[in-house]
Protein chains: 2
Amino acid sequence: MASSVVTSPWTPVQDRAQVRIKARINKREAVLRTAAQVFNEKGYLASTLDEVAERLNVTKPTLYYYVKNKEEILFECVRIGLTMLQEAIHDVGASGGSAADKLTAAMRKYTEIVTMDFGMCVIRVGEDPLPAESQQKLRRIKAAIDLEFRELIAQGIAEGSLKPCDPKIAAFTIAGAISWVARWYQPNGDLSVDTIADQCIHFLSTGLYQPVTP
Amino acid sequence: MASSVVTSPWTPVQDRAQVRIKARINKREAVLRTAAQVFNEKGYLASTLDEVAERLNVTKPTLYYYVKNKEEILFECVRIGLTMLQEAIHDVGASGGSAADKLTAAMRKYTEIVTMDFGMCVIRVGEDPLPAESQQKLRRIKAAIDLEFRELIAQGIAEGSLKPCDPKIAAFTIAGAISWVARWYQPNGDLSVDTIADQCIHFLSTGLYQPVTP
């Protein structure tokens with residue numbers, strides 16, 4: 001009888017390392033996300049890492065295995081939120097349809113992201129409490145997002161799907177209207193993110209005023 | 001010859017008190033306004049009363065004759081800004097015209113105020129760095145402003161000058177779009193407050209998208 005190959009009941013060394021790395025990434029993500037929730041609820045100044053640790057059922061020293069300090073946490077939360085926004089507007093730009101269609105899709109994604117932990121942290125807390133160098137890094141991402149919005153609007157004006165306007169003011173008006181959602185949205189309130197997105201998009205695209213019949 | 005009445009070359013005691021009170025109010029206002037400018041430029045955390053004193057050419061102890069501390073200054077700056085916004089929306093409500101006309105006037109005033117020192121401070125800094133009790137006082141004013149906006153929008157829907165919509169989401173969309181101006185407006189930039197107000201009002205009232213011809 002030929003000897004059969006025994007499958008080792010032990011996880012291969014390489015896989016064990018993978019599992020450890022994944023667990024570490026997950027735990028770091030949980031620390032950042034919980035911190036974002038605390039920042040969003042209480043503001044950055046009033047938030048403590050003690051509370052973050054408590055919500056995760058660990059001691060504060062355990063947090064320091066995953067993050068350096070409160071400033072690094074805020075930097076990462078805002079960076080992740082901004083990266084989500086940037087990817088959203090970028091994906092929309094690469095999709096088909098008119099510039100107006102793309103803008104609608106971008107407004108919807110933007111509304112969704114600013115009602116999530118990291119996206120909300122971009123608006124409710126932002127980069128202001130951070131040192132100048134960190135602020136600059138984050139503001140570069142913001143400027144890139146803003147530029148993509150302006151270019152999309154300029155495209156829409158050129159192709160005729162959007163009305164002639166100043167793309168800079170239009171981009172800021174949209175960003176303001178939707179970013180503000182992060183300030184007033186209540187996760188357990190009576191308005192769903194979908195309803196808010198629908199109405200915001202409707203106002204910004206067709207306006208609040210009844211057309212005056214001549 | 002009858003003796004003529006001599007006009008005393010000295011300021012009457014009562015008037016002297018008045019002059020002193022007025023000078024004190026002016027100086028306190030200058031301290032608050034300068035502090036608002038520093039907060040708006042650098043953020044609350046990075047701002048120091050040393051810098052406020054320096055810009056006013058006085059020593060820091062002189063400031064304490066007019067204000068208690070940095071927290072009281074921020075509270076007053078935000079309170080004054082919010083009071084300006086509240087008076088604006090209130091005045092507009094008392095004026096004539098359709099609700100849509102009143103909303104246009106309110107949006108214009110709101111844009112003007114958030115590009116001024118105290119109004120800008122409401123948006124750029126706000127009440128978040130303050131103790132809970134102060135936050136509550138300021139949030140009560142915010143809620144009152146928000147209520148006036150919603151009522152004006154509800155009136156407009158009822159009378160037919162505004163499209164049927166959710167007044168809460170509409171009020172927040174307007175507030176967001178215009179408040180955001182405080183974040184990106186540059187006093188020495190190429191866009192005047194008037195141009196920004198015109199375009200914002202245009203977007204919000206008639207929309208960005210070209211109507212689709214059936």
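Residues numbered from 1 in each chain as written. Chains lettered and ligands numbered in written order. Predicted model: local features only at pLDDT ≥ 70, side-chain atom pairs only at ≥ 80, totals over all residues. Heavy atoms only, no water.

(A) Quick peek at helix α1 (residues 13–42) of chain A. Residue and element names in this part refer to chain A. Between its first and last C-alpha, α1 extends 44 Å over 30 residues, near the 44 Å set by a 1.5 Å rise per residue. Burial in α1 covers these residues: Val-31, Leu-32, Thr-34, Ala-35, Ala-36, Val-38, Phe-39 and Asn-40. Those residues of α1 that are buried lie in contact with α2 (49–55), α3 (60–63), α4 (70–94) and α6 (117–124). Gly-43, located one to two residues past α1, shows a positive phi value of around 85 degrees. (Helix = DSSP H or I, 4+ residues; strand = E, 2+ residues; numbered from the N terminus. Expected span 1.5 Å × (residues − 1). Buried < 20%, exposed > 50% of the residue type's maximum accessible area, 1.4 Å probe, protein only. Contact = heavy atoms within 4.5 Å.)

(B) Broad picture of the nonpolar core. Counting 136 residues, the largest nonpolar core has A:Leu103, A:Phe149, A:Ile174, B:Leu103, B:Phe149 and B:Ile174 as its most contacted members. Beyond its immediate chain neighbours, meaning those up to four positions away, A:Ile174 contacts A:Leu103, A:Met107, A:Phe149, A:Ile153, A:Leu204 and B:Leu208. (Core = buried A, V, L, I, M, F, W, Y, C linked by side-chain atoms within 4.5 Å.)

(C) Broad picture of the relation of the copies chain B and chain A. Of the transformation superimposing chain B on chain A, the axial component is 0.0 Å and the angular component is 180 degrees, with the fit at an RMSD of 0.1 Å. Both copies are brought into coincidence by an operation consistent with a two-fold rotation axis. Taken together, the interface assignments show that 100% of the residues at the interface of chain B recur at the interface of chain A, consistent with an identical surface on both copies. (Least-squares fit on C-alpha atoms with pLDDT ≥ 70 in both.)

(D) Representation of the confidence of the model for chain A. Mean pLDDT over chain A stands at 93; residues scoring 70 or higher make up 98%. Mean pLDDT across the elements of chain A ranges from a minimum in α1(A), with 91, to a maximum in α6(A), with 97. (pLDDT = per-residue confidence, 0-100.)

(E) Region of the structure containing the packing of helix α7 (residues 132–159) of chain B against helix α8 (residues 167–179) of chain B. Residue and element names in this part refer to chain B. Where α7 contacts α8, the two axes come as close as 9 Å, and the packing angle between them is 120 degrees. Between α7 and α8, the crossing angle belongs to the class labelled oblique. When you trace α7 past α8, the crossing you get is right-handed. Between α7 and α8, the contacting residues are Asp-146, Phe-149, Arg-150, Ile-153, Ala-154 and Ile-157 on the first element and Pro-167, Lys-168, Ala-170, Ala-171, Phe-172 and Ile-174 on the second. In the contact of α7 with α8, the residues fall into nine nonpolar, no polar and three charged. (Axes fitted to C-alpha atoms, helices over the stretch in contact; angles between N-to-C directions. Parallel < 35°, antiparallel > 145°, perpendicular 65-115°, else oblique. Left-handed = near helix turned anticlockwise from the far one by under 90°. Nonpolar A, V, L, I, M, F, W, Y, C, P; charged D, E, K, R; others polar.)

(F) Highlighting the packing of aromatic side chains. Throughout the structure, instances matching the rule amount to eight aromatic pairs over all chains. Plain terms: the ring middles of A:Phe172 and B:Trp184 are 4.4 Å apart, the flat faces sit at 10 degrees to each other, and that makes the pair stacked. Residue A:Phe172 is located in helix α8 (residues 167–179), and its partner B:Trp184 is located in helix α9 (residues 181–184); the two belong to separate chains. By relative accessible area, A:Phe172 is classed as buried at 14%. (Phe/Tyr/Trp six-rings, centres within 6.5 Å; stacked < 30°, edge-to-face > 60°.)

(G) Quick look at the state of the cysteines. In this structure the tally under the stated criterion is zero disulfides over all chains. Free of any disulfide, A:Cys165 has its nearest cysteine sulfur in B:Cys200, 11 Å distant. The class for A:Cys165 is buried, based on a relative accessible area of 18%. Take B:Cys77: it sits in no disulfide, and the sulfur closest to it among the cysteines is that of B:Cys121, at 4.8 Å. (Disulfide = S-S within 2.5 Å.)

(H) Quick peek at the interface of chain B and chain A. Taken together, the contact pairs 44 residues of chain B with 44 residues of chain A. Taking both sides of the interface into account, the surface hidden between chain B and chain A amounts to around 4,000 Å²; carbon and sulfur atoms contribute 67%. Linking chain B with chain A are zero salt bridges. For the pair chain B and chain A, the number of links is 20 residue pairs in polar contact (both at pLDDT 80 or more). For the side of chain B that touches chain A, the secondary-structure elements that each account for two or more residues are α5 (99–114), α6 (117–124), α8, α9 and α10 (193–206) of chain B. In terms of residue count, α8(B) provides more of the side of chain B that touches chain A than any other element does, ten residues in total. Along the lines of polarity and charge, the residues of the side of chain B that touches chain A split into 25 nonpolar, twelve polar and seven charged. (Buried area = accessible area lost by both parts, 1.4 Å probe. Salt bridge = Lys/Arg side-chain N within 4 Å of Asp/Glu carboxyl O. Polar contact = N/O pair within 3.5 Å; in protein donor to acceptor, adjacent residues only side chain to side chain.)

(I) Looking closely at the environment of B:Leu138. Topologically, B:Leu138 is positioned in helix α7. Once residues within four sequence positions are removed from consideration, B:Leu138 is found in contact with B:Phe75, B:Val78, B:Arg79, B:Leu82, B:Glu127 and B:Leu130.

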